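The lines below spell out each chain.
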Number of protein chains: 2
Amino acid sequence: MTGLMSPEQLEAALRDIGEERYHHKHPFQLELNSGGLNKAQIQAWALNRYYYQCRIPIKDAAILSRMENADLRREWRQRILDHDGISDDEGGLRRWIALTDGLGLDREMVESTDLVLPATKFAVEAYVLFVRERTLLEAIASSLTELFSPLAIGARVQGMLANYDFITAETLAYFEKRPPQATRDSNFALSYVKEHANTVERQQAVLNSLIFKCSVLWAQLDALYHAYVAPGHIPPGAFDPARDVS
Amino acid sequence: MTGLMSPEQLEAALRDIGEERYHHKHPFQLELNSGGLNKAQIQAWALNRYYYQCRIPIKDAAILSRMENADLRREWRQRILDHDGISDDEGGLRRWIALTDGLGLDREMVESTDLVLPATKFAVEAYVLFVRERTLLEAIASSLTELFSPLAIGARVQGMLANYDFITAETLAYFEKRPPQATRDSNFALSYVKEHANTVERQQAVLNSLIFKCSVLWAQLDALYHAYVAPGHIPPGAFDPARDVS
């Protein structure tokens, strides 16, 4: 990164980061897709990932609150509508609950987030803080992991349906809706970033924002792997499948 | 916790939390003490723990900035003096650098914090945010892990000197100075908490603050264990002993 990149070069550099650091390559994700996990491990994943899901509209509201331009706000608010829905029985967050319901997790326990791994909370809250404290350009750039999610979701849904008899298309309804939303959202964010990252410093900040966000996702799977796969050291107070599922 | 506890009952409840959740019981710590780690793993520990150390005076300054009372500030500022010293060649942070120096880590690399595990940064920043956003009572209560550190440090120094030939008393100078400081500081914080946690809600908040802080320390060792002990999955971009030590 010694000089100013063209918008196309910047996009290529962002895609390189995704190829290297997006969590589609994480061992937990690979085992999830290939049938290598048991039900308790998938419960732990869905429970912890719920914490990420429930902070997404809060993160997007923080970004929205920093946008001076109404056109921009009209575009960005769609993310919040998608996640929260029109009423309590729809939207992305509700579809995530369909997954935790389908996995036999108590809804009140899930929604309390009391048994989520502390490391999950630390990573997710770092993301919320990032979009509050960094520039708007960096906040928008940190959403660019969505560029890589449709492909990852495709592999995940196919793998989970093929490999786990307790997984049905209904429990995976969240993932059915996401790819077109993610594509629309990330195309918009990518255009914004390519237009506004017009200095060397801003381009570097944009790349660092995507690296940061990849580390937020990666760290969540590291924590799950450590607690529930190998060596299986569940931290004090966190979800214990042997104790917390009736 | 159904009713108001006496100050002595509150102290006992705090000590119970430490017994159960303080990181002296973490597998990484136990292996560190007993000689079960290799030099590269201890390098990773010292490098990552440097990030915690370098945020401690920032955390204490945030607490100081919220104290309206000059007596209280005079008491609390001692922590910052201890950590930062009178000049660049002394103080707790400098003594931590003596440890990373002694382990053969490049000082510039350590001080950049570029190769620290993202999970370490997320946990430590969660602690800094906690003392900024919660009540002063909760911020002070979160420091009470220091009640348990003198005993843990004793076991650590004895174990490390006995079990690793690359560890000397000089490299462990940090730990020699800490126990009397920690005892003085935690006695003050404990008195403050016992006096001011005078409602059921405040007592519960104090207990939760200590639980939170224990999880900050525990999560750091979880991340180290996952990356450098078993299964040894180093996240993209983090310290790799095979690459980053000359």
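Residues numbered from 1 in each chain as written. Chains lettered and ligands numbered in written order. Predicted model: local features only at pLDDT ≥ 70, side-chain atom pairs only at ≥ 80, totals over all residues.

Enquirer: What is the right way to look at the overall build of chain A in this model?
Expert: From N to C terminus, chain A includes twelve helices and zero strands. Computed over the C-alpha atoms, the radius of gyration of chain A is 18 Å, within 12% of the 18 Å expected from 2.2 N^0.38 for a compact globule of 246 residues. Structurally, chain A occupies a C-alpha span of about 55 × 40 × 35 Å along its principal axes. Expressed as a percentage of its 246 residues, the buried residues of chain A come to 41%. (Helix = DSSP H or I, 4+ residues; strand = E, 2+ residues; numbered from the N terminus. Rg over C-alpha atoms; globule rule 2.2 N^0.38 Å. Buried ≥ 20, exposed ≤ 12 C-beta atoms within 10 Å, placed from the backbone.)

Enquirer: Please clarify how the relation of the copies chain B and chain A should be interpreted in this entry.
Expert: Both copies of the chain are related by one operation, a rotation about an axis with a shift along it. Note on the identical chains: chain B maps onto chain A by a rotation of 180° and an axial translation of 0.0 Å, with an RMSD of 0.0 Å. Given the turn and translation reported, the copies of this chain are related as if by a two-fold rotation axis. A share of 96% of the interface residues of chain B reappears at the interface of chain A, consistent with the copies meeting face to face through the same patch. (Least-squares fit on C-alpha atoms with pLDDT ≥ 70 in both. Contact = placed C-beta atoms within 7 Å.)

Enquirer: Sorry, what's going on with unusual backbone geometry here?
Expert: One can expect most non-glycine residues to show negative phi and most peptide bonds to be in trans. Residue and element names in this part refer to chain A. At the junction of alanine 230 and proline 231, the peptide bond is cis and its omega measures out at 0° in the coordinates. Phi at threonine 113 takes a positive value of approximately 60°, unusual for a residue other than glycine. Among the secondary structure elements, threonine 113 is positioned in the loop between helix 6 (107–112) and helix 7 (118–133).

Enquirer: Looking at this structure, how should I read helix 11 (residues 200–229) of chain B?
Expert: Note that an α-helix has 3.6 residues per turn; residues three or four places apart therefore point the same way. The end-to-end C-alpha separation of helix 11 of chain B is 42 Å, in line with the 44 Å expected for 30 residues at 1.5 Å each. In terms of residue burial, helix 11 of chain B counts as a mostly covered element, since 22 of its 30 residues are buried. (Expected span 1.5 Å × (residues − 1).)

Enquirer: Teacher, can you tell me more about the interface of chain B and chain A here?
Expert: Put simply, an interface is often sized by how much accessible area is lost when its parts join up. Of the residues lining the interface, 23 residues belong to chain B; the matching set on chain A comes to 23 residues. Class assignment for the residues of the side of chain B that touches chain A results in 15 nonpolar, four polar and four charged. (Nonpolar A, V, L, I, M, F, W, Y, C, P; charged D, E, K, R; others polar.)

Enquirer: What is the right way to look at the nonpolar core in this model?
Expert: Looking at soluble globular proteins, one finds that nonpolar side chains tend to be buried together. Counting 120 residues, the largest nonpolar core has Ala119(A), Ala123(A), Leu224(A), Ala119(B), Ala123(B) and Leu224(B) as its most contacted members. Aside from chain neighbours lying at most four places away, what touches Ala119(B) is Ala119(A), Ala123(A), Ala219(A), Asp222(A), Ala223(A), Ala219(B) and Ala223(B). (Core = buried A, V, L, I, M, F, W, Y, C linked by C-beta atoms within 7 Å.)

Enquirer: When you look at the packing of helix 7 of chain A against helix 11 of chain B in this model, what are you seeing that I'm missing?
Expert: The relative placement of two packed helices comes down to the angle between their axes together with the axis-to-axis distance. At a closest axis distance of 9 Å, the pairing of helix 7 of chain A and helix 11 of chain B adopts a crossing angle of 95°. When the axis of helix 7 of chain A is compared with that of helix 11 of chain B, the two are roughly perpendicular. Counting all contacts with helix 7 of chain A, which are made through Pro118(A), Ala119(A) and Phe122(A), the residues of helix 11 of chain B involved are Ser215(B), Ala219(B), Asp222(B) and Ala223(B). Per-class residue counts for the contact of helix 7 of chain A with helix 11 of chain B are five nonpolar, one polar and one charged. (Axes fitted to C-alpha atoms, helices over the stretch in contact; angles between N-to-C directions. Parallel < 35°, antiparallel > 145°, perpendicular 65-115°, else oblique.)

So yeah, pure geometry; function would need other evidence.
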